[in-house]
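Notes for the structure review
Each chain, letter by letter, is given below.
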Amino acid sequence: MRKLALYACTAIAIVLSGAASAAAETIRMGAEGAYPPFNYVAEDGQLKGFDIDLGNAICAELKAECVWSTNEWSGIIPALQASKFDIIASSMAITEARREQVSFSDPYYFNAMRFVASKDLDLKDVTPATAEGMVIGTQSGSIAADMLKDFFPNNEVKLYPTLGEAFLDMKSSRLDLLVESKIASADWLAKGEDCCVFVGEEFLQDGTLGAGLAFRKEDNALRERVNAALATLVGNGTYETIRKKYFDFDIRQKPKNASELFAK
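In short, a report on the structure. (Residues numbered from 1 in each chain as written. Predicted model: local features only at pLDDT ≥ 70, side-chain atom pairs only at ≥ 80, totals over all residues. Heavy atoms only, no water.)

As for the side chain of R223
- Looking at the secondary structure, you find R223 in helix 8 (residues 220–235).
- Lacking a salt bridge, the buried R223 has E224 as its closest oppositely charged neighbour, with an N-O distance of 4.5 Å.
- Contact partners of R223, with chain neighbours within four places excluded, come to S103, F104, S105 and F215. (Helix = DSSP H or I, 4+ residues; strand = E, 2+ residues; numbered from the N terminus. Buried < 20%, exposed > 50% of the residue type's maximum accessible area, 1.4 Å probe, protein only. Lys, Arg positive; Asp, Glu negative; His and termini not counted. Salt bridge = Lys/Arg side-chain N within 4 Å of Asp/Glu carboxyl O. Contact = heavy atoms within 4.5 Å.)

Details of empty space enclosed by the protein
- Summed over all chains, the structure comprises one cavity of 30 Å³ or more.
- There is about 230 Å³ of room inside the largest cavity.
- Taken together, 19 residues make up the lining of the largest cavity; nearest its centre are Y35, S91, A93, N111 and I143.
- Sorting the residues of the lining of the largest cavity by element identifies strand 6 (87–93), helix 5 (143–151) and strand 11 (177–181) as the ones contributing at least two each.
- Split into classes, the residues belonging to the lining of the largest cavity amount to eight nonpolar, eight polar and three charged. (1 Å grid on protein atoms, 1.4 Å probe; cavity = no way out; pocket = protein on both sides within 12 Å on 5 of 7 lines; lining within 4 Å. Points joined across faces, edges and corners; volume = space filled by probe spheres on them. Nonpolar A, V, L, I, M, F, W, Y, C, P; charged D, E, K, R; others polar.)

Focus on the environment of W68
- In this structure, W68 sits in strand 5 (residues 65–70).
- In sequence terms W68 and F50 are 18 residues apart; their C-alpha atoms lie 14 Å from each other.
- When near neighbours in sequence (up to four residues on either side) are disregarded, W68 contacts M29, A31, L47, D51, I52, G55, N56 and A89.

Some words on a negative patch on the surface
- Among the surface-exposed residues, D146, D150, D206 and E260 lie close enough to one another that they form a single negatively charged patch.
- Positionally, D206 belongs in the loop between strand 12 (196–203) and strand 13 (211–215). (Patch = residues over 30% accessible without salt bridge, like charges linked within 9 Å, V, L, I, M, F, W, Y side chains within 5 Å. Areas by Shrake-Rupley, 256 points an atom, 1.4 Å probe, with all protein chains shown as cover. Charge placed at Lys NZ, Arg CZ, Asp CG, Glu CD.)

A word on the layout of surface pockets
- Roughly 230 Å³ of internal volume is contained in the largest pocket.
- The element best represented in the lining of the largest pocket is helix 6 (residues 163–171), accounting for five residues.
- Looking at the lining of the largest pocket, its residues break down into seven nonpolar, one polar and four charged.

Digging into helix 6
- Those residues of helix 6 not exposed but buried are L163, A166, F167, D169 and M170. In a view along the axis of helix 6, the buried residues occupy a sector of 165 degrees, so they form one face of it.
- Looking at the residues trailing helix 6, positive phi occurs at S173, about 65 degrees. (Arc of directions from axis to C-beta.)

Brief notes about the pairing of strand 11
- Burial within strand 11 is extensive, with five of its five residues counted as buried.
- Examined bridge by bridge, strand 9 (residues 135–139) and strand 11 share two bridges and lie parallel to one another. Residue pairing in the sheet places I136 in a bridge with L177 of strand 11. (Pairing = 2+ DSSP bridges.)

Some remarks on unusual backbone geometry
- With an omega of 5 degrees, the peptide bond running from P36 to P37 counts as cis.
- We note that K63 has phi near 55 degrees; this positive angle belongs to a residue other than glycine.
- Looking at the secondary structure, you find K63 in the loop between helix 2 (50–61) and strand 5.
- Judged by relative accessible area, which is 71%, K63 ranks as exposed.
- The backbone of S83 sits at a positive phi, close to 65 degrees, despite the residue not being glycine.
- Here S83 is to be found in the loop between helix 3 (76–81) and strand 6.
- Exposure remark for S83: the relative accessible area of 36% places this residue in the partly exposed category.

Below is the structure:
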């Protein structure tokens, strides 16, 4: 009888354990997957990068499972609104225009922009005057594209579906200048691209409040839980551990606004 009782208890424990596992929360995360080192698809087909590691750490703190999917940047907000995923974890800049469509977490870093120029130009700085007549490239739908409209309206601007395509045209001398995330550009240059160099200071588009995780507006409870988890990761050193894996400099320090550098 005792053995039967023991077997029965063990069976019940296994069933309960399985039920608890099956009931574990799943959080669906969406990323572009084409923005290294923040989020990209590695050779093994897995999503990797700073955003991915931080998202997984948030899920771990919430005792949830992260399930990741990729989406083209131009349609990533509509995909969130259509419930393709629960959170955009893809280095999205927080702006007032985007706040009309989604809600954001607290900022988790400042994604400063910086110009990259062809070495042949021998530029010392980039301003609307020094860049006169030059072709400038960036990713469509990006904050950098908005900045170019505001401060470089007379330049020819080429927009690309992905930043990788813009880098290819920069390498092939089809662009004179490229402006995007300083960090993403530094990652590209570090891979041995000797065609180009950084020029000028780093900056933020005016009104940009840092990079945040994006949520559907009705998902306030999830947003508050994620903010609490993010604060815990910053406080216990997990955030810094992840940051140091990718960057050897502080990414939470706010740089100058674009208007301080480019406004007449």
